[in-house]
Amino acid sequence: MISVITPVYNGEKYIEDCIKVVVDQNCSNIEHIIVDGGSTDATVDIIKSSAQNYPHIRWISEKDRGQSDAMNKGIAMAKGNIIAILNVDDFYEPNVLNHISAIFEKLPEPALLVGNCNILDDDNNLKRINRPKRLKITDLLVGYNINPFPFNPSAYFYHKSLHEQVGFYEVDEHYAMDVDFLLKAVQVAHVKYVDEIWGNYRQISGTKTVNDINSGQNAIRLRQLMQKYLQKLPLYKQWLVAVKREYYKAEKRLEYFSKKPNEILPRIGKRLGIRTS
């Protein structure tokens, strides 16, 4: 069974669509656990009404310590052996849950299954596609601008038993809890990447995450988190991260200049202090 967990607080604008997203997956072996943090708008009324029509919905509403705490509550409630985290304003591509359920039948436990994710703006226009194809810890730590990590949980899924090895989401981490979890998970899980678009993440203006990105704090926080995990690695793996960082930088330069060969000589000239025109 897949347990889809949705943490929400005052999400009346999105909760009905979120519930419909899961319903429209037409996946029979599923439960949708909605963990409300004590909303003061119409969120709870919408959840309550939907739960009367859809028996796969289970929910609670009570004060919590933030998003990580809400996700942990949902995981504790989960009856399924596969965990999916779906934030209230994100959504799946059609038939994703049946598809990943079939893939999990062939995966050893615990497994982390990762696909691609559309990153959308407020109006659902595509900004870019997150393709996290390199998922070893020594790849992820080279830098997220060089080698992207999975950007949103709508595009990755994992065995519930993975939490027995890496613990739950850090309750006191309110921004990078998913990255923190992933950096632990890839070190112990059987990781499989599939080059297909599974999830959709909306970068909505004014939300906690977008404000954090725009302020520059997100980048600082991620660098600090990645440095913490880098320092925990054996010295030979730290060296490997440094080597991979230079390799991937060179790879990106080659890719760039293959598309813009006319810029090669001016760039070289600039570095050498020579005018090329």
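About the criteria used
Residues numbered from 1 in each chain as written. Predicted model: local features only at pLDDT ≥ 70, side-chain atom pairs only at ≥ 80, totals over all residues. Heavy atoms only, no water. Helix = DSSP H or I, 4+ residues; strand = E, 2+ residues; numbered from the N terminus. Buried < 20%, exposed > 50% of the residue type's maximum accessible area, 1.4 Å probe, protein only. Core = buried A, V, L, I, M, F, W, Y, C linked by side-chain atoms within 4.5 Å. Contact = heavy atoms within 4.5 Å. Salt bridge = Lys/Arg side-chain N within 4 Å of Asp/Glu carboxyl O. Pairing = 2+ DSSP bridges. Right-handed = clockwise from strand over helix to strand, strands pointing away.

Engineer: What is the right way to look at the environment of Met1 in this model?
Structural biologist: Tracing the backbone shows Met1 in the segment before strand 1 (2-8). Note on Met1: relative accessible area 33%, which makes it partly exposed. When the C-alpha positions of Met1 and Asn29 are compared, they lie 5.0 Å apart, and in sequence the two are 28 residues distant.

Engineer: Hey, could you run me through the nonpolar core in this one?
Structural biologist: Generally speaking, a soluble globular protein has its nonpolar side chains buried in company with each other. Core analysis: the biggest nonpolar cluster contains 41 residues, and Leu112, Leu141, Tyr158, Tyr169, Phe181 and Leu183 have the highest contact counts within it. Filtering out sequence-adjacent residues up to four positions away, Tyr158 remains in contact with Ile75, Asn81, Ile82, Ile83, Ile85, Phe104, Ala111, Leu112, His163, Tyr169 and Phe181.

Engineer: Help me understand the pattern of salt bridges in this model?
Structural biologist: Side-chain pairs of opposite charge can arise whenever the charged atoms involved come near each other. Across all of its chains, the model carries 11 salt bridges by this definition. Linking Glu31 and Arg58 is a salt bridge whose minimum nitrogen-to-oxygen distance equals 2.8 Å. In this pair, Glu31 sits in strand 2 (residues 30-36) while Arg58 sits in strand 3 (residues 57-61), placing the two residues 27 residues apart along the sequence. Owing to a relative accessible area of 4%, Glu31 belongs among the buried residues under this scheme. Note that Asp180 is salt-bridged to Lys228, the shortest N-O span being 4.0 Å. Taken together, the positions of Asp180 in helix 7 (residues 177-185) and Lys228 in helix 9 (residues 217-232) put the pair 48 residues apart, joining distant regions of the chain.

Engineer: Sorry if this is basic, but what is going on with the pairing of strand 3 here?
Structural biologist: Inspection of the sheet shows strand 2 paired to strand 3 by 5 bridges, in the parallel sense. Following the sheet pairing, Ile34 is matched in strand 3 by Trp59. A crossover connection joins strand 2 to the parallel strand 3 through helix 2 (residues 43-53); in handedness this β-α-β unit is right-handed.

Engineer: Would you mind going over unusual backbone geometry with me for this structure?
Structural biologist: Most of the time, phi is negative for any residue but glycine, and the peptide bond is trans. That bond from Glu109 to Pro110 is cis: its omega, 0°, falls within 30 degrees of zero. Mapped onto the secondary structure, Pro110 falls in the loop between helix 4 (96-104) and strand 6 (111-120). A positive phi is found at Asn26, a non-glycine position, where the angle reads about 50°. Relative to the assigned elements, Asn26 resides in the loop between helix 1 (15-23) and strand 2. Under the relative-accessibility criterion, Asn26 is labelled exposed at 64%. Of note, Asn95 is a non-glycine position whose phi angle comes to about 60°, a positive value. Mapped onto the secondary structure, Asn95 falls in the loop between strand 5 (91-92) and helix 4. Judged by its relative accessible area of 44%, Asn95 falls in the partly exposed class.

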